[in-house]
Every structure is written in structure tokens, then in C-alpha cells.
Amino acid sequence: MTHDPGYNFAYLDESTKRMIRRAILKAVAIPGHQVPFGSREMPLPYGWGTGGIQVTAAVLGPADVLKVIDQGSDDTTNAVSIRAFFRRTAGIATTESTEAATIIQTRHRIPERKLREDQILVYQVPIPEPLGRLEPRIAETRRMHAMADYGLMHVKLYEDIARHGHIATSYSYPVMVNGRYLMSPSPIPAFDNPKMDQMPALQLFGAGREKRIYAVPPYTSVKSLDFDDHPFRPIRAPHVCELCGSGDTYLDEVLTDDVGGRIFVCSDTDFCSERQAMKEAAE
Amino acid sequence: MNERSSKTPLLTARDLTLRFGRIAALDGVDLDIHPGEVVAIVGESGSGKTTLLRVLSGLMRPDAGEVSYLGQDVLGMSEAARRRLMRTEWGFVHQNPRDGLRMAVSAGGNIGERLMATGARHYGNIREQASHWLTRVEIDPARMDEVPAKFSGGMQQRLQIARTLVTLPKLVFMDEPTGGLDVSVQARLLDLIRALVADLGLAVLIVTHDIAAARLLAHRMLVMRHGVVVESGLTDRVLDDPQHPYTQLLVSSVLAA
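Scoring rules and cut-offs
Residues numbered from 1 in each chain as written. Chains lettered and ligands numbered in written order. Predicted model: local features only at pLDDT ≥ 70, side-chain atom pairs only at ≥ 80, totals over all residues. Heavy atoms only, no water. Helix = DSSP H or I, 4+ residues; strand = E, 2+ residues; numbered from the N terminus. Rg over C-alpha atoms; globule rule 2.2 N^0.38 Å. Buried < 20%, exposed > 50% of the residue type's maximum accessible area, 1.4 Å probe, protein only. Contact = heavy atoms within 4.5 Å. Lys, Arg positive; Asp, Glu negative; His and termini not counted. Charge placed at Lys NZ, Arg CZ, Asp CG, Glu CD. Buried area = accessible area lost by both parts, 1.4 Å probe. Salt bridge = Lys/Arg side-chain N within 4 Å of Asp/Glu carboxyl O. Polar contact = N/O pair within 3.5 Å; in protein donor to acceptor, adjacent residues only side chain to side chain. UniProt positions renumbered as here; feature names shortened; annotations may be inferred. Domains from an automatic or database assignment. Core = buried A, V, L, I, M, F, W, Y, C linked by side-chain atoms within 4.5 Å.

1. Here we look at the overall build of chain B
Phase 1 of the analysis: A count of helical and extended segments in chain B gives ten helices and ten strands.
Phase 2 of the analysis: What you see for chain B is a C-alpha radius of gyration of 18 Å, in line with the 18 Å of a compact globule of 257 residues.
Phase 3 of the analysis: In terms of overall dimensions, chain B has a C-alpha envelope of 55 × 45 × 40 Å along the principal axes.
Phase 4 of the analysis: Counting over 257 residues, chain B shows a buried share of 52%.
Phase 5 of the analysis: Partitioning the contacts of chain B with sequence separation of at least 6, the portion at a separation of at least 24 is 68%.
Phase 6 of the analysis: Here chain B carries 29 positive and 29 negative side-chain charges, and the mean point of each set is 5 Å from the other.

2. Here we look at the environment of A:Val80
All names here are of chain A.
Phase 1 of the analysis: Along the chain, Val80 turns up in helix α3 (residues 77–90).
Phase 2 of the analysis: Along the chain, Val80 and Arg262 lie 182 residues apart, while their C-alpha atoms are 26 Å from each other.
Phase 3 of the analysis: Non-local contacts of Val80, meaning those with residues more than four positions away in its chain, are made with Asp74 and Asp75.

3. Here's the deal with the interface of chain B and chain A
Many descriptions give the size of an interface as the accessible area lost when the pieces come together.
Phase 1 of the analysis: Of the residues lining the interface, 22 residues belong to chain B; the matching set on chain A comes to 21 residues.
Phase 2 of the analysis: The largest share of the area that chain B buries against chain A comes from B:Arg83, B:Arg121 and B:Tyr123, three residues that together contribute 39% of it.
Phase 3 of the analysis: Along the contact surface separating chain B from chain A lie four salt bridges.
Phase 4 of the analysis: Note that B:Arg83 is salt-bridged to A:Glu140, the shortest N-O span being 2.9 Å.
Phase 5 of the analysis: Summed over the shared surface of chain B and chain A, the number is eleven residue pairs in polar contact (both at pLDDT 80 or more).
Phase 6 of the analysis: The set of elements that each furnish at least two residues to the side of chain B that touches chain A consists of α2 (79–88), α4 (107–117) and α5 (123–136) of chain B.

4. Examining the UniProt feature "domain: ABC transporter" (unreviewed entry) in chain B
Phase 1 of the analysis: UniProt's feature table lists "domain: ABC transporter" (unreviewed entry) at residues 11–251 of chain B, given in the numbering used throughout.
Phase 2 of the analysis: Between the C-alpha atoms that bound residues 11–251 of chain B there is a distance of 28 Å. The span itself is 41% helix and 26% strand.

5. Observations regarding the domain arrangement of chain B
Residue and element names in this part refer to chain B.
Phase 1 of the analysis: For chain B, the domain assignment lists domain 1 (4–89 + 169–256) and domain 2 (103–166).
Phase 2 of the analysis: Spacing between the C-alpha centres of domain 1 and domain 2 amounts to 26 Å.
Phase 3 of the analysis: Each side of the interface is counted separately: domain 1 has 16 residues, and domain 2 has 14 residues.
Phase 4 of the analysis: The junction of domain 1 with domain 2 conceals about 1300 Å² of combined surface from both sides, 67% of it contributed by carbon and sulfur atoms.
Phase 5 of the analysis: When the area that domain 1 buries against domain 2 is broken down by residue, the three leading residues are Arg87, Leu192 and Leu196, summing to 36%.
Phase 6 of the analysis: Note that Arg188 is salt-bridged to Glu138, the shortest N-O span being 3.2 Å.
Phase 7 of the analysis: At the surface where domain 1 touches domain 2, the tally comes to four residue pairs in polar contact (both at pLDDT 80 or more).

6. Structural notes on the nonpolar core
Phase 1 of the analysis: A:Tyr158, A:Phe227, B:Ile111, B:Leu159 and B:Val204 are the most contacted members of the largest nonpolar core, which totals 68 residues.
Phase 2 of the analysis: The greatest single-element share of this core, amounting to seven residues, is contributed by helix α5 (residues 151–164) of chain A.
Phase 3 of the analysis: Excluding residues within four positions of it along the chain, B:Val204 makes contact with B:Glu37, B:Val38, B:Val39, B:Val172, B:Met174 and B:Val197.

Written out as C-alpha cells, the structure reads:
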């Protein structure tokens, strides 16, 4: 496959890619630390993955195979469009299979299948600052990161328990990376948090509007914050997948009619269809 | 009072000088605070009281002079070290409770913040401590989960004190803690501060323009004017036998202090 000759390989010009790679290298060297970068205008609106798409463009090579998911699904508008974008501007192969992909750009999920050392997971991040809701001054949050002064984050969890009886944060659940930096895992469900810990794949996070890149290198400790007497619990709907019968994956609730009918299905469409194919083959 | 006689001061300041343009906010101020001692700084508005407090607590840098806390150079220490001090051994009570409290966080969370900032990770224990401290500052522990915005001004101020004292600091800076409260509430608050200070053996540096409050709380008193300490000594001595003309004016202008 060849890419559209009207574009530089993977859309961004080479000096921009070099600048982003520098930010990525710095981010990998300081796990969980947010590195500012000169985010470019991209041909899609903020909030649709401008940060993720720039990180992907910077790490993409002609031999890479790209998978893009949105809420675990391969066939939503955003995922389809970003795959088409890179097919056209970089001429690379795309896939829906987690196993076949070398780079996976994701919004709001980590694939159910375990990732490998030769894969890179790129997250789209809307709000990179985990302390932002609690401390509105950015200069102050920078300082808190620098001093590892993170008591405030526990105040938020304390408030959750005081109000709801348990930690009610079910997505974007704050994590401590490598025992040093507090990090927002992007709005993935808390269910996915344990997958980040000691993951063999490189994890890169790009926030386009906020102009920040951060990273978790392979095999790095990622711990969800909690209290000794209120430990972290990954939350999932207590059902099995209607399509593949899986009882340990993250589920979406889907309305089937307008009289209250609903089913629960895997949010990771690739994982689900693989299991369905296996079931059919066995029958 | 036997603690006051201990030789080594907790906090020492020497020759502090700070100018705002042509105005000398601090002009060669010396100060010692010993463990368990309550020192009041009094003076009219603009005399440099609050500036002195901010310089001593490391919030502001003076043009010249030195501040040391238990032998450590406060002005020279790293910001990390100063912050650690500020959330463990020091406390700061602001005049306006809104500056010292997180208004959107429940009373329990406000008290727990310093505990969590120093590593407390057991929810049950934090609740217990919060409840204990609410009782100590005469707030019904049943209101632990309410936000301070629902509290009266006096209660907010008491909550701020509880939140500051929960880590048992050695030295507390108070900037007009009774300002903006009506007289009966002020009296109760002063009573409460006096009891807590005696119980915990705190050293307190209190800035006030209220001579009556200073007489009630302070062991020692500094009178400031135009950035200079014009008179200092035991509270009763200064108030009953003022030497400096300005102190005489200050004392005589108070009704039945």
C-alpha cells in the first residue's frame, strides 16, 4: 500500500514528529510525568482524539499495523475514521484484531486480550491533570506534582466514601505510577486500571487540547489509590455477555426495544467476536 | 509555664527588613518564640503585623534578615522542606476561614486533609480523629459530612482550628482569628483557643488589633508601628504600664480592655 502523495508520511511534517518523539522520550524517562508539547491543529475537533492521533503519527512506521478502538469498539465513527485517516496519509495496514496490531490507539478502554512487548497502546486523553478538579490553579498542581504532595487526591476519595459509602469513582480513577507521579489514566473504567500495572506494552498518553504527553514504560508499577480499609475494587456489571457468554469482561448495557428490554454485551468487540467464533467452531 | 523557661527558642528571627517601595513594612524586627508560648503582635492597620507573620512562616521573603526554626534556616530551606513543615509541625489559621478551608469538601474531609497529606491511609481512623476534633472544637460530630458553607462564621473558624491542630503542630500562626465575628462568638472562640493552647502546649504567634484578645491569650506581646517593634514584654506589663508613647495611645484608646 502507498500513501496519498499529497501528504507527508502520517500527515505531520517531520520536524513536528521529531518534537513529539522528544516529548515521548522524556515522558518515558519520567513515568507518569506530564510533558508539554507543541500540539498541532489536526483535521478533527478537540475531544475526538487530537492528542492520540499526533502520538500515533509520531511513532508510526511503514511496517506498523494499526488498530483503533473507541469505547472498546472497532466500528464506531471515530475508530473507523482514524483508521481511514492513517491508511490514506501513511499507507499502513490496519486491523481490528488486537493480536495482529502493533499500535493500538484507544479511547476509554484497554483491550481485554493481554498486550505484548512489541505493542504500543496510545490513549486519547481529554483531561491529563488528575488534580484539576480539586485544585484549579495549574501552577499549584505543577508544584504539587513536583513535591509529590498528593494528600488532596485522598481527600477526594474520602469524600466519595463519606457520601456514597464506597469509592464511587468508576472511571478516570487516579493511579500512582512507579511510586512517584499521580496520573490520570484517561477516562478508562476503573475495571481496566489493574491491566496497566506491569503491562508488557508501552503505554503513551496524548492530550491534544491540553498539550501534554505522558507515558508508562513497559513493566512499570501502576497502583490505584485507595484506603487500607476501603481497598480499590474494579467495578463491572454483574452479568455475562449475551453474545459470547464471558463473565469476566467489561460489559456495555444495550437497549433492545422501547419496553425495557436490555442486554449486556462485551465492550471489546474484537475479543467478543473472537470468542463467538471459537464457540461456533467448537459446536 | 515551666516550658516557657526552656532555653532554646522554637523560632528566632533577626533583623528582618522588608520594603514595599518607599514604605518600610519591616524595619529590623527581632523575635523569639519559645515552646508553649503565646506571643501576640499588636498594632494598627498597616503597621506590618501581617507581613511579619507571612515572612516568619516563609510565605514571603524579606529583603534582609534571617529566620530559623529549631536551628534550621527557614528562608534558605527548599520549598519541599518548607511545605513539609507547614503540613506537620506548623499550622496557619487565616482571618477568613474561606482561605483556610476547602468550602466544597465536608468538615470531616477538611480535618482529614492534613492527616492524609502526612500519609494516613485508613478511612476509619481518619473519621475517628475527625470526630474527636469536631468534639474538641464544640461542633456536633453528627455534622461531620456537611460542607463548611452550611456552617456559621464562628463554626467555620473553629473548624479551621480543628483542621490545623489535627496533626498536633508545635507552632501555629494565627492572623486575626477573631476578626469578622461578633463579640459573643469571639469570646467563645478565644476561650476555646486558650484551652487548646494550654492543653496541647502549643506555641502560638497571634496577630491581632484586638488588645482585649491579646490580653486574654498572650503571654508576651510585641507592639508594632511603621514596621518597627516599639515595645515588647509580658502582656500585663505592656498593657498596665506602657512605656512607649504609641503603646500608651493604643492602650488608652481601648474601651475597658
